[in-house]
Amino acid sequence: MATRMDALTLEVVELIGSVVGRYHEEYERAAAEHALTGAQARVLGLLALEPVPMRHIARKLKCEPSNVTGIIDRLEARGLVERRPDPADRRVKLAAPTEEGLRTATALRDSLDFAREPLAQLSKDERTVLRDLLRRMLGVE
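Fair warning: this is a prediction, and the values are worked out from it, not measured in the lab.

**Quick look at the packing of aromatic side chains**
Scanning the entire structure with this criterion turns up one aromatic pair. Relative to Tyr27, the ring of Tyr23 has its centre 5.7 Å away and its plane inclined at 35°; by these criteria the two rings are tilted. Note that Tyr23 and Tyr27 are positioned in helix α1 (residues 7-33) at a spacing of four residues, about one turn of the helix. Note on Tyr27: relative accessible area 9%, which makes it buried.

Structure below.
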(Lines give C-alpha, C1' and ligand atoms only; values in the text may rest on other atoms or scores of the structure.)
Protein backbone atom coordinates (compact mmCIF):
# COMPACT_ATOMS: atom_id res chain seq x y z
CA MET A 1 0.00 0.00 0.00
CA ALA A 2 1.49 3.35 -1.05
CA THR A 3 1.77 6.02 1.60
CA ARG A 4 1.38 9.70 0.90
CA MET A 5 4.47 11.77 1.28
CA ASP A 6 4.36 14.53 3.86
CA ALA A 7 4.86 18.15 2.77
CA LEU A 8 8.48 18.25 3.95
CA THR A 9 9.40 15.11 2.01
CA LEU A 10 7.69 16.48 -1.11
CA GLU A 11 9.60 19.75 -0.78
CA VAL A 12 12.93 17.93 -0.35
CA VAL A 13 12.22 15.74 -3.39
CA GLU A 14 11.36 18.82 -5.48
CA LEU A 15 14.50 20.65 -4.31
CA ILE A 16 16.70 17.65 -5.12
CA GLY A 17 15.08 17.49 -8.56
CA SER A 18 15.78 21.19 -9.11
CA VAL A 19 19.43 20.80 -8.11
CA VAL A 20 19.86 17.78 -10.40
CA GLY A 21 18.13 19.56 -13.27
CA ARG A 22 20.29 22.67 -12.96
CA TYR A 23 23.44 20.56 -12.70
CA HIS A 24 22.54 18.61 -15.86
CA GLU A 25 21.80 21.83 -17.77
CA GLU A 26 25.17 23.31 -16.84
CA TYR A 27 26.97 20.03 -17.50
CA GLU A 28 25.46 19.79 -20.99
CA ARG A 29 26.37 23.45 -21.68
CA ALA A 30 29.97 22.92 -20.48
CA ALA A 31 30.26 19.73 -22.55
CA ALA A 32 29.02 21.57 -25.66
CA GLU A 33 31.64 24.29 -25.12
CA HIS A 34 34.24 21.52 -25.51
CA ALA A 35 32.40 20.05 -28.54
CA LEU A 36 31.38 17.01 -26.47
CA THR A 37 28.05 15.40 -25.78
CA GLY A 38 27.06 15.02 -22.15
CA ALA A 39 27.77 11.28 -22.33
CA GLN A 40 31.22 11.87 -23.82
CA ALA A 41 32.00 14.40 -21.09
CA ARG A 42 30.87 11.98 -18.36
CA VAL A 43 33.06 9.20 -19.78
CA LEU A 44 36.04 11.52 -20.07
CA GLY A 45 35.49 12.64 -16.48
CA LEU A 46 35.44 9.03 -15.28
CA LEU A 47 38.59 8.19 -17.20
CA ALA A 48 40.40 11.22 -15.79
CA LEU A 49 40.27 9.48 -12.42
CA GLU A 50 41.85 6.26 -13.70
CA PRO A 51 41.86 4.00 -16.77
CA VAL A 52 38.76 1.79 -16.69
CA PRO A 53 37.54 -1.32 -18.56
CA MET A 54 34.72 -0.36 -20.88
CA ARG A 55 32.27 -2.76 -19.23
CA HIS A 56 32.80 -0.86 -15.94
CA ILE A 57 31.98 2.40 -17.71
CA ALA A 58 28.75 0.85 -18.99
CA ARG A 59 27.82 -0.25 -15.46
CA LYS A 60 28.64 3.17 -14.01
CA LEU A 61 26.60 4.99 -16.66
CA LYS A 62 23.85 2.33 -16.60
CA CYS A 63 23.94 1.81 -20.35
CA GLU A 64 24.71 -0.89 -22.88
CA PRO A 65 28.39 -1.73 -23.51
CA SER A 66 27.82 -1.08 -27.24
CA ASN A 67 26.92 2.53 -26.38
CA VAL A 68 30.19 2.90 -24.49
CA THR A 69 32.11 1.45 -27.44
CA GLY A 70 30.64 4.17 -29.67
CA ILE A 71 31.46 6.91 -27.17
CA ILE A 72 35.02 5.64 -26.78
CA ASP A 73 35.39 5.38 -30.58
CA ARG A 74 34.39 9.05 -30.98
CA LEU A 75 36.65 10.22 -28.12
CA GLU A 76 39.51 8.17 -29.54
CA ALA A 77 39.01 9.69 -33.00
CA ARG A 78 39.42 13.14 -31.40
CA GLY A 79 42.62 12.08 -29.65
CA LEU A 80 41.10 12.36 -26.17
CA VAL A 81 41.09 8.65 -25.26
CA GLU A 82 43.12 5.58 -26.08
CA ARG A 83 42.61 1.87 -25.53
CA ARG A 84 45.32 0.00 -23.62
CA PRO A 85 45.73 -3.60 -22.53
CA ASP A 86 45.04 -4.11 -18.82
CA PRO A 87 48.39 -5.00 -17.19
CA ALA A 88 46.54 -7.40 -14.84
CA ASP A 89 44.70 -9.19 -17.69
CA ARG A 90 45.88 -8.55 -21.24
CA ARG A 91 42.56 -9.87 -22.62
CA VAL A 92 40.84 -6.80 -21.14
CA LYS A 93 41.10 -3.39 -22.80
CA LEU A 94 41.20 -0.29 -20.62
CA ALA A 95 39.99 3.08 -21.84
CA ALA A 96 42.41 5.79 -20.72
CA PRO A 97 42.60 9.52 -21.33
CA THR A 98 45.41 10.94 -23.43
CA GLU A 99 47.23 14.05 -22.21
CA GLU A 100 44.81 16.13 -24.29
CA GLY A 101 41.92 14.16 -22.78
CA LEU A 102 43.15 14.95 -19.27
CA ARG A 103 43.46 18.66 -20.14
CA THR A 104 39.94 18.64 -21.60
CA ALA A 105 38.50 16.81 -18.56
CA THR A 106 40.16 19.33 -16.22
CA ALA A 107 38.90 22.31 -18.25
CA LEU A 108 35.41 20.81 -18.29
CA ARG A 109 35.42 20.22 -14.54
CA ASP A 110 36.78 23.73 -13.88
CA SER A 111 34.00 25.30 -15.98
CA LEU A 112 31.22 23.77 -13.84
CA ASP A 113 30.26 26.67 -11.60
CA PHE A 114 26.77 25.61 -10.58
CA ALA A 115 27.82 22.98 -8.07
CA ARG A 116 30.90 24.84 -6.88
CA GLU A 117 29.32 28.26 -6.23
CA PRO A 118 26.34 27.18 -4.10
CA LEU A 119 28.51 24.74 -2.17
CA ALA A 120 30.99 27.54 -1.45
CA GLN A 121 28.18 29.29 0.44
CA LEU A 122 28.09 26.38 2.89
CA SER A 123 30.63 26.00 5.68
CA LYS A 124 32.94 23.01 5.68
CA ASP A 125 30.83 21.46 8.44
CA GLU A 126 27.64 21.96 6.40
CA ARG A 127 29.26 20.43 3.29
CA THR A 128 30.39 17.48 5.41
CA VAL A 129 26.87 16.95 6.75
CA LEU A 130 25.42 17.24 3.23
CA ARG A 131 27.97 14.73 1.89
CA ASP A 132 27.25 12.31 4.71
CA LEU A 133 23.48 12.59 4.23
CA LEU A 134 23.79 12.03 0.47
CA ARG A 135 26.03 9.00 1.05
CA ARG A 136 23.52 7.62 3.54
CA MET A 137 20.65 8.16 1.09
CA LEU A 138 22.62 6.31 -1.61
CA GLY A 139 23.77 3.53 0.72
CA VAL A 140 27.43 4.44 0.14
CA GLU A 141 29.87 4.12 2.99
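**Examining the packing of α1 against helix α2 (residues 38-49)**
In the contact formed by α1 and α2, the axes pass within 8 Å of each other and the chain directions differ by 85°. When the interaxial angle is binned, α1 and α2 end up roughly perpendicular. Contact residues: Tyr27, Glu28 and Ala31 in α1; Gly38, Ala41 and Arg42 in α2. Residue classes in the contact of α1 with α2 are distributed as three nonpolar, one polar and two charged.

**Section: the nonpolar core**
Ranked by size, the top nonpolar core spans 23 residues in total, and within it Leu47, Ile57, Ile72 and Val81 carry the most contacts. Elements that contribute at least two residues to this core include exactly α1, α2, α3 (54-61), α4 (65-77) and α5 (99-110). Among the elements that line this core, the one with the most residues is α2, at five residues. Setting aside anything within four residues of it in sequence, one finds Ile72 in contact with Val43, Leu47, Met54, Ile57, Val81, Arg83 and Ala95.

How each quantity is defined
- Residues numbered from 1 in each chain as written.
- Predicted model: local features only at pLDDT ≥ 70, side-chain atom pairs only at ≥ 80, totals over all residues.
- Heavy atoms only, no water.
- Phe/Tyr/Trp six-rings, centres within 6.5 Å; stacked < 30°, edge-to-face > 60°.
- Helix = DSSP H or I, 4+ residues; strand = E, 2+ residues; numbered from the N terminus.
- Buried < 20%, exposed > 50% of the residue type's maximum accessible area, 1.4 Å probe, protein only.
- Axes fitted to C-alpha atoms, helices over the stretch in contact; angles between N-to-C directions.
- Parallel < 35°, antiparallel > 145°, perpendicular 65-115°, else oblique.
- Contact = heavy atoms within 4.5 Å.
- Nonpolar A, V, L, I, M, F, W, Y, C, P; charged D, E, K, R; others polar.
- Core = buried A, V, L, I, M, F, W, Y, C linked by side-chain atoms within 4.5 Å.

Nothing here speaks to function; it is all geometry.
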